[in-house]
Amino acid sequence: MNHEPVSLLVGWLNSVAGLSSNPPRVSSLIAGQAALPVVAVVNATGGPIADASGLDTVYDWTATIYCVAGRTGAGLDYPDYQAAAQLAGYIVGAARAVAGGAHYVAASGARLIDAEIIAMTRIVDDAGNAIVTLTVDVRVSD
C-alpha cells in the first residue's frame, strides 16, 4: 500500500493538542487570507524500505513543515518568532510522543511509527512574517 505522506502528516498534526482548531490550522498549503499563525506541510520525499521478508511494509519520508506566524502586532514591524516557535514546540512534542509509542493511525490504516526532527531554521519572509521551518523524518507502517 502506498501512503501519501503529506495528507498523513496533515492529519497527524491536526490531531495534536495546541495545533488542532476549527477551521484546521494545519494544511498542505497556506491560503491567501489565512489567519496567522498556521502550519503547512508542503512536500515530502522518500519511499518504501524493504523489511526482513523482502516486502515493502515500512515507508521512510522526509517532510518540510512551515510554522508561519505574523508580526507582533498591528503596525509593528517585528516578526512574531514567539508564536512561530510555539507552533514548532507542539510539533517537537508530538514527534517525541510518537517516538515514545503514541503512534498516530490514519483513516487509511497507515500507522505513524516514528518521527524525528532533523533540522530547524528560522527566517523572515518578504512580508515580515516569522517562519520556523522544520525538517521531519517520519516512518509509516501498513
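Residues numbered from 1 in each chain as written. Predicted model: local features only at pLDDT ≥ 70, side-chain atom pairs only at ≥ 80, totals over all residues. Heavy atoms only, no water.

Close approach of charged atoms allows side chains of opposite charge to pair. Scanning all chains against the criterion turns up one salt bridge. A salt bridge links Arg139 to Asp60, with the shortest nitrogen-to-oxygen separation between them at 3.8 Å. With Arg139 in strand β6 (residues 130-141) and Asp60 in strand β3 (residues 56-69), this residue pair connects regions lying 79 residues apart in the sequence. (Salt bridge = Lys/Arg side-chain N within 4 Å of Asp/Glu carboxyl O. Helix = DSSP H or I, 4+ residues; strand = E, 2+ residues; numbered from the N terminus.)

What follows concerns the nonpolar core. With 36 residues, the main nonpolar core has Trp12, Leu13 and Val39 as its most contacted residues. Of all the secondary structure elements, the ones that give two or more residues to this core are α1 (5-14), β2 (38-50), β3, α2 (81-99), β5 (111-124) and β6. A total of eight residues in this core trace back to one element, the largest contributor, which is α2. The residues contacting Val39, other than those within four sequence positions of it, are Leu13, Leu19, Arg25, Val26, Ser27, Ile65, Tyr66, Cys67, Leu87 and Ile91. (Core = buried A, V, L, I, M, F, W, Y, C linked by side-chain atoms within 4.5 Å. Buried < 20%, exposed > 50% of the residue type's maximum accessible area, 1.4 Å probe, protein only. Contact = heavy atoms within 4.5 Å.)

Summed over all chains, the structure comprises zero aromatic pairs. Directly above the aromatic system of Tyr81 lies the positively charged group of Arg122, at a separation of 3.8 Å from the ring centroid. (Phe/Tyr/Trp six-rings, centres within 6.5 Å; stacked < 30°, edge-to-face > 60°. Lys NZ or Arg CZ within 6 Å of the ring centre and 35° of its normal.)

A few words now on the layout of surface pockets. In this structure, the largest pocket encloses a volume near 200 Å³. Surrounding the largest pocket, 14 residues form its lining, Pro23, Pro24, Arg25, Ala35 and Val38 being those nearest its centre. Taken together, the residues of the lining of the largest pocket sort by class into 11 nonpolar, two polar and one charged. (1 Å grid on protein atoms, 1.4 Å probe; cavity = no way out; pocket = protein on both sides within 12 Å on 5 of 7 lines; lining within 4 Å. Points joined across faces, edges and corners; volume = space filled by probe spheres on them. Nonpolar A, V, L, I, M, F, W, Y, C, P; charged D, E, K, R; others polar.)

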